[in-house]
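Structural characterization, general
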Amino acid sequence: MSRIAYVNGQYALHGEASVHIEDRGYQFADGVYEVINIDGGRFVDEEAHLDRLDRSLDELRIAWPMSRRAMKLVMRQVVHRNMIKDGLIYIQITRGVAPRDHGFPHGIPPSIVMTAKTFKSLPAEQPDDVGVAAITHPDIRWSRPDIKSVALLPNILCKQKAREAGAYEALLVDSAGYVTEGSSTNVWIVTKNNEVVTRAANENAILNGITRQAFIKLMAADGLSFVERKFTIAEALEAKECFITASSTRIKSVVSIDGKPVGNGHPGETVARLRRLYWTAAEAGGVLPKVPTNIREKR
Ligand code: PDD
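Rules used in this analysis
Residues numbered from 1 in each chain as written. Predicted model: local features only at pLDDT ≥ 70, side-chain atom pairs only at ≥ 80, totals over all residues. Heavy atoms only, no water. Patch = residues over 30% accessible without salt bridge, like charges linked within 9 Å, V, L, I, M, F, W, Y side chains within 5 Å. Areas by Shrake-Rupley, 256 points an atom, 1.4 Å probe, with all protein chains shown as cover. Salt bridge = Lys/Arg side-chain N within 4 Å of Asp/Glu carboxyl O. Helix = DSSP H or I, 4+ residues; strand = E, 2+ residues; numbered from the N terminus. Expected span 1.5 Å × (residues − 1). Buried < 20%, exposed > 50% of the residue type's maximum accessible area, 1.4 Å probe, protein only. Contact = heavy atoms within 4.5 Å. Domains from an automatic or database assignment. Buried area = accessible area lost by both parts, 1.4 Å probe. Polar contact = N/O pair within 3.5 Å; in protein donor to acceptor, adjacent residues only side chain to side chain. Nonpolar A, V, L, I, M, F, W, Y, C, P; charged D, E, K, R; others polar. Near = heavy atom within 4 Å. 1 Å grid on protein atoms, 1.4 Å probe; cavity = no way out; pocket = protein on both sides within 12 Å on 5 of 7 lines; lining within 4 Å. Sits in = over half its atoms within 2 Å of the grid points. Points joined across faces, edges and corners; volume = space filled by probe spheres on them. Arc of directions from axis to C-beta.

Let us now look at a nonpolar patch on the surface. Together, Ile140, Leu153, Ile156 and Leu157 give the surface a local cluster of nonpolar side chains, amounting to about 400 Å² of exposed area. As for its placement among the helices and strands, isoleucine 140 is situated in the loop between strand E7 (132-138) and helix H4 (153-164).

To continue, consider helix H2 (residues 46-60). Its 15 residues place the ends of H2 21 Å apart at the C-alpha level, agreeing with the 21 Å of an ideal helix rising 1.5 Å per residue. With eleven of 15 residues buried, H2 lies mostly within the body of the structure. Listed as buried for H2 are Glu46, Glu47, Ala48, His49, Leu50, Arg52, Leu53, Asp54, Ser56, Leu57 and Leu60. The inward-facing, buried residues of H2 contact strand E3 (31-39), strand E4 (42-43), helix H3 (68-81), strand E5 (87-94) and helix H5 (210-222). Trailing H2 by a residue or two, arginine 61 shows a phi angle of about 55 degrees, which is positive.

Moving on, we get to the domain arrangement of the protein chain. By the assigned domains, the protein chain splits into domain 1 (4-118) and domain 2 (132-283). Centre-to-centre, using C-alpha coordinates, domain 1 lies 26 Å away from domain 2. Residue-level contacts link 21 residues of domain 1 with 20 residues of domain 2. Each partner contributes to the roughly 1800 Å² buried at the junction of domain 1 and domain 2, and carbon and sulfur atoms together form 54% of this total. The largest contributions to the domain 1 side of the interface with domain 2 come from Tyr33, Asp39 and Arg52, which together make up 32% of the buried area. One can count three salt bridges joining domain 1 with domain 2. The partner of arginine 55 in a salt bridge is aspartate 146, with the nearest N and O atoms 2.9 Å apart. For the pair domain 1 and domain 2, the interface holds ten residue pairs in polar contact (both at pLDDT 80 or more). For the side of domain 1 that touches domain 2, the elements supplying multiple residues, two or more each, are E3, H2 and E5. Broken down by class, the residue content of the side of domain 1 that touches domain 2 amounts to nine nonpolar, five polar and seven charged.

A word on the site of the ligand. Around the ligand sit 21 residues in total, of which Tyr33, Glu181, Ile210, Thr211 and Ser247 are the nearest. Residue tyrosine 33 places a side-chain N or O atom 2.7 Å away from an oxygen atom belonging to the ligand. One of the backbone nitrogen or oxygen atoms of isoleucine 210 is found 2.8 Å away from an oxygen atom of the ligand. Burial of the ligand by the protein chains amounts to 90% of its free accessible area of 470 Å². More than half of the atoms of the ligand fall within 2 Å of the grid points belonging to the largest pocket. Elements supplying a minimum of two residues to the shell around the ligand: E3, H2, strand E9 (179-182), H5 and strand E13 (241-246). When grouped by side-chain class, the residues that make up the shell around the ligand number five nonpolar, twelve polar and four charged. Both domain 1 (4-118) and domain 2 (132-283) contribute no fewer than three residues apiece to the shell around the ligand.

When you line up the elements, histidine 137 lands in strand E7. Under the relative-accessibility criterion, histidine 137 is labelled buried at 13%. Residue contacts for histidine 137: discarding those within four places in its chain leaves Cys158, Lys161, Ala170, Leu171, Leu172 and Val173.

The next subject is the layout of surface pockets. Estimates place the volume of the largest pocket at around 1100 Å³. Around the largest pocket sit 46 residues that line it, and Tyr33, Lys148, Leu152, Ser183 and Ser184 are the ones nearest its centre. A total of five residues in the lining of the largest pocket trace back to one element, the largest contributor, which is H4. Its residues assigned to classes, the lining of the largest pocket shows 21 nonpolar, 16 polar and nine charged.

Time to look at helix H7 (residues 269-283). Helix length check: H7 (15 residues) gives 22 Å between terminal C-alpha atoms against 21 Å at 1.5 Å per residue, within 8%. The complete set of buried residues in H7 reads Thr270, Val271, Leu274, Arg275, Tyr278, Trp279, Ala281 and Ala282. In a view along the axis of H7, the buried residues occupy a sector of 165 degrees, so they form one face of it. Facing away from the buried side of H7, by more than 90 degrees, are the exposed residues Glu269 and Thr280. Where H7 is buried, its residues meet E3, strand E10 (186-190), strand E11 (195-198), H5, E13 and strand E14 (250-257). Positive phi appears at glycine 285, one or two residues downstream of H7, with a value of about 90 degrees.

Put into structure tokens, the structure is as follows:
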């Protein structure tokens, strides 16, 4: 079966789909994106992802390319045409196509691309009991990583450093010595007092992950003690557990940082418990509010 992509109003063969060379996404990384999990044919926390897309677009003053309702229809078409049951959908919106000039062009429509692929995460009952290694890296990104922009050059350089070190993720550390997030994930620790800790999302220092928000909600419902605060790599190494979350990764234990073991060097109980909670939630379409607030886009 051929993969199908959606590009600016048309469905095209994935291998032949293309955008204009003067698309500002290509020229300036002038665009935003979302990655949404599909579980059993259902989008996981769809409204929360579209709300964050709305926020990213608003921050960069890019218009919605279509109404939210139409966007949802196209998302479903892309999933349907690619016959995806479990996978990921990728949505990218840029400011559009215009002769190269740094200032915003006037009167051009934004560009939109959607692709989807099958991607099956391990079943809940089969725990990912190996865990992954991480390295540390200075957070060399701009001061607005809260915007889900396609400008990911620092992130990809950090991820590559991790790969070359035989690790899965790079944990980014700010100039004050605190962990912000991973190159493509949010980072958490579980302290010796069984408190789950992750950095707050209110200072624009991290991307407020949708998976992050879902885990916070699941933890509250499950009675796990949770706090949003900064933590250092030394604290992460002292912690019982360290883990990362993202739509594609979902949740993974980080069992070593820069070659040193975290806790006892093995995935722990909290991650196993959170994993089960999240898998159940994902099958039901997620846990975040279904009724969006503060919607400004065209309907
Ligand atoms: N990455 N932080 C960064 C820097 C990210 O790139 C991501 C997501 C996250 C987690 O966000 P969410 O839970 O909404 O997926 C945190 C996506 C999956 C990617 O770029 O592929």
